[in-house]
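An overview of the molecular structure
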Amino acid sequence: MRSIVVFYAHYLLCLVLGIACVVCVCVWNKQWRGGFAWDGSALEFNWHPVLMVTGLVVLYGNGAVLYRIPLTWGQNKLPWKLCHAALMLLALILSILGLCAVFDFHNTSHIPNLYSLHSWIGIAATALFAIQWVVGVAGFLLPWSPVELRKFLKPIHVWMGNSILCLSIAACISGINEKLIFVLKKNVNGSHPYSDLPPEAMLGNFLGVLIVAFGLVVFRILSNHDWQRPDSRPEDTTYSPLLQEDNE
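The text that follows walks through the structure, step by step, so that each part is easy to find.

The rules behind each value
Residues numbered from 1 in each chain as written. Predicted model: local features only at pLDDT ≥ 70, side-chain atom pairs only at ≥ 80, totals over all residues. Heavy atoms only, no water. Helix = DSSP H or I, 4+ residues; strand = E, 2+ residues; numbered from the N terminus. Rg over C-alpha atoms; globule rule 2.2 N^0.38 Å. Buried < 20%, exposed > 50% of the residue type's maximum accessible area, 1.4 Å probe, protein only. Polar contact = N/O pair within 3.5 Å; in protein donor to acceptor, adjacent residues only side chain to side chain. Contact = heavy atoms within 4.5 Å. Axes fitted to C-alpha atoms, helices over the stretch in contact; angles between N-to-C directions. Parallel < 35°, antiparallel > 145°, perpendicular 65-115°, else oblique. Left-handed = near helix turned anticlockwise from the far one by under 90°. Nonpolar A, V, L, I, M, F, W, Y, C, P; charged D, E, K, R; others polar.

Moving on, we come to the overall build of the protein chain. The secondary structure content of the protein chain amounts to seven helices and zero strands. Whereas a compact globule of 248 residues would reach a radius of gyration of roughly 18 Å, the protein chain reaches 20 Å, a difference of no more than 12%. Reported as C-alpha extents along the three principal axes, the dimensions of the protein chain are approximately 65 × 40 × 25 Å. Across the 248 residues in the protein chain, those meeting the buried criterion constitute 46%.

Written as structure tokens, this is what we have:
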């Protein structure tokens, strides 16, 4: 009982930190960066951090811990599998839209693409996420997936999921830092330099701290074996495919 209470304390913290991340990145780009548009301007770029933080970090992290919620234990696993897949698909779609926003802005402004370490990490995270989702659906949901394949894929799927979240967090905090360095320069548009820690820099740094804290809570939830979904039958550990879940 105590373990479940501790879990829900962690899960509540995860939700609060996730919401705080989304609110913070939206306020930053609305209040200090001028708002949003989809016209190739800098306002379109502002969608990039919002969509990447929301999709690649917050929704992804919440999708990763879905099976750890005790409410899902002892029930038909099919609805939770579908919920997990849908949540991850939404996260992936938002991430791809975030990439479209930055590429469109760069191309319109004649700025080179994919030259920074931040962009390399972000592209790698999104590409691996797309592969992870497709392989996950094919391996764990479709009825023709063989048991031996699911046994082989499960540890890879878990490891890759954690790795993608690590890359996502690294991409987001490096991107925040890169953006602040670019826009906060002395006497440029009347701004104070980043080194003076003006309010925008404080908010951006705080957003980075929130993202790291969110990730640490997610990893804490995922690493605690007491919070793993109990398996009622040995075949459950191999992720029974979609059409075999009906009688569970």
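After that view, the rundown keeps rolling.
Right, let's get into the side chain of Arg229. Its place among the elements puts Arg229 in the segment after α7 (199–223). A residue is classified by how much of its surface remains accessible, and Arg229, at 15% relative accessible area, is buried. Only 2.6 Å separates the side chain of Arg229 from the backbone oxygen of Thr72, close enough to count as a polar contact. Those residues within four positions of Arg229 in sequence are excluded, and the remaining contacts are Tyr67, Thr72, Trp73, Gly74, Gln75 and Lys77.

Turning our attention to the packing of helix α5 (residues 117–140) against helix α6 (residues 147–183). Orientation of α5 relative to α6, taken along the N-to-C sense of each, is 155°, at an axis distance of 8 Å. By the angle class used here, α5 and α6 are roughly antiparallel. The interaxial crossing formed by α5 with α6 has left-handed handedness. Grouping the amino acids of the contact of α5 with α6 by side-chain chemistry returns twelve nonpolar, ten polar and three charged.

Moving on to the environment of Phe45. With respect to the helices and strands, Phe45 occurs in helix α2 (residues 42–45). Taking relative accessible area as the criterion, Phe45 reaches 12% and is therefore assigned buried. When the C-alpha positions of Phe45 and Leu114 are compared, they lie 15 Å apart, and in sequence the two are 69 residues distant. Apart from residues lying up to four places away in sequence, Phe45 is in contact with Val102, Phe105 and Lys179.

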